[in-house]
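# Structure assessment
Here is what each chain is made of, one letter per residue.
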Amino acid sequence: MQIDVSTLKAIFNPKLRPLIGVDISSTSVKMVELVDAGKGQPRVERYAIEPLPRDAVVDGNLAGLEAVAETLQRCWKRLGTSTRYVALALPTAAVITKKITLPAGLREQEMEIQVESEANQYIPFALEEVNLDFQVIGPAPSNPDDVEVLLAASRKEKVEDRVAAAEVAELKPVVMDVEAYAILAAYELVIKQLSNEGKDQIIALVDVGAAATKITIMRNDQQLYVREQAFGGSQLTDEIMRAYGMSQEEAESLKRSGTPPDNYETEVLHPFLENMAQEVARGLQFFFTSTPHNEVNHIVLAGGSALIPGAADIVGQRTSVNTVLADPFAGMAISPRIRAKQLAADAPSLMVACGLALRKFDQ
Ligand SMILES: Nc1ncnc2c1ncn2[C@@H]1O[C@H](COP(=O)(O)OP(=O)(O)OP(=O)(O)O)[C@@H](O)[C@H]1O
Ligand SMILES: [Mg+2]
């Protein structure tokens, strides 16, 4: 048996050096660089978003590795930094995590051996094909002589593809995180803006991307529910293409700016936003019927499709839940080279990139 415990090691333990958070999602590459503004307080130094060609990333797989590398390179040039160290993330679905209990006080090496043998039981493919990492969470609630340990395992090629794309773009990957964890790191900053910092409140983090809407329901540090629905901004893009005979590029640019056709708001945009609100309401309904809970106190709306003007209003109205846009940078200092207004407008789509950039500030 041979497992590589070292490759994913950096997942939980990045070094304190300049670092760019790099989100390779299905439609774009997004980069965020945070620097230490003193006393370990992050400041937003730079960010950039660069669209990916269609089908370069499919279901989290880098189907077009060259295209991804080129986009990474373009995005990095646009960022205008000298830092080449990057934190990347694996799609949540590509990672198996499992909490195990081990005796407290094991030495690092002993723990690695224990982790490997435990992992054997939980991972449904050959361990030679797997990158394995672990992190001690803390004392086990059931027994003070034990510790809880979080295992994370992913197929090697998922890690290797991302590392390869970054290296072709002349970037140096030093952290391989998991998207869901990166989002949660950014989420912690977002909820600080809610009344009483969102304490004891049930909060739905709703990420409306291009193809998918991901709903994560939290109370304090506890994840109560997760759900993914096949709804996203590409439906609006398709509808624009159909209604006005536009190309995909034209439709994408109409969504962001430009002069829309007269009937755009009433015939195309508004029905899409209504659908979005309905999808969110449906997601909450599933939460209520499959858990003992029967209310949600806040909705935090994130993802590229949250940037559509009016999205938060309609979602709030249709669900009758206080709805805010996710802005992980709201409490941060911002470099004078960044246009604060533009950053605030883009912020909901930068949760993963921001969470990854925050790894520089981990203890
Ligand atoms: N300013 C904007 N106005 C309207 N729509 C936008 C804007 N910016 C991005 N979008 C839309 O948001 C979607 C992309 O969002 P995001 O970057 O969160 O998705 P993704 O993470 O790549 O996709 P997924 O999560 O589905 O894999 C696209 O449909 C895009 O057209
Ligand atoms: Mg996404």
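Please read these numbers as outputs of a predicted model, since none were measured by experiment.

This part takes up the site of ligand 1. The full set close to ligand 1 counts 21 residues, and Ser25, Ser26, Gly209, Gly233 and Gly304 are the nearest of them. Ranked by the residues each element gives to the shell around ligand 1, the list is headed by helix H6 (residues 248–256), at three residues. Tallied by class, residues from the shell around ligand 1 come to five nonpolar, 13 polar and three charged. Two domains each donate at least three residues to the shell around ligand 1, and these are domain 1 (1–193 + 328–363) and domain 2 (194–326).

With that settled, the discussion passes to the confidence of the model for the chain. Per-residue confidence for the chain gives a mean pLDDT of 92; residues scoring 70 or more make up 95%. Confidence over residues 1–12 falls short of pLDDT 50; this stretch has 31 contacts with residues more than four positions distant or in other chains.

Take the sheet that holds strand S6 (residues 130–139) next. As summarised here, the arrangement of the three strands in space is S5-S7-S6, forming an open sheet in which the pairing is antiparallel. In this open sheet, the two edge strands, each paired with only one partner strand, are strand S5 (95–103) and S6. With strand direction ignored, the average angle separating the axes of adjacent strands in the sheet is 25°. Here S6 pairs with strand S7 (residues 146–155) via nine bridges, running antiparallel. Counterpart to Gly138 in the pairing with S7 is Glu148. Across the sheet, helix H3 (residues 156–168) touches S6 and S7, and the angle it forms with S7 is around 70°.

Bringing the pairing of S7 into the picture now. Every other side chain in a regular strand lies on the same face of the sheet, so the side chains alternate between the two faces. With nine bridges connecting them, S5 and S7 associate as antiparallel partners. Residue pairing in the sheet places Ile100 in a bridge with Val149 of S7. Between S6 and S7, which pair antiparallel one after the other, the connecting turn spans six residues.

Attention now moves to the environment of Gly232. Relative to the helices and strands, Gly232 resides in the loop between strand S11 (222–229) and helix H5 (234–244). The sequence separation of Gly232 and Gly304 amounts to 72 residues, and the corresponding C-alpha distance is 9.1 Å.

Ranked by size, the top nonpolar core spans 94 residues in total, and within it Val22, Met31, Leu72, Ala186, Val206, Leu301 and Ala357 carry the most contacts. Broken down by element, the residue count for this core peaks at 10 residues, all from helix H4 (residues 179–191). Structurally, this core is a two-domain feature, drawing no fewer than three residues from each of domain 1 (1–193 + 328–363) and domain 2 (194–326). Beyond its immediate stretch of four places on either side in the chain, Ala186 contacts Pro328, Met351, Cys354, Gly355 and Leu358.

Basis of the calculations
- Residues numbered from 1 in each chain as written.
- Chains lettered and ligands numbered in written order.
- Predicted model: local features only at pLDDT ≥ 70, side-chain atom pairs only at ≥ 80, totals over all residues.
- Near = placed C-beta within 6 Å.
- Helix = DSSP H or I, 4+ residues; strand = E, 2+ residues; numbered from the N terminus.
- Nonpolar A, V, L, I, M, F, W, Y, C, P; charged D, E, K, R; others polar.
- Domains from an automatic or database assignment.
- pLDDT = per-residue confidence, 0-100.
- Contact = placed C-beta atoms within 7 Å.
- Pairing = 2+ DSSP bridges.
- Axes fitted to C-alpha atoms, helices over the stretch in contact; angles between N-to-C directions.
- Core = buried A, V, L, I, M, F, W, Y, C linked by C-beta atoms within 7 Å.
- Buried ≥ 20, exposed ≤ 12 C-beta atoms within 10 Å, placed from the backbone.

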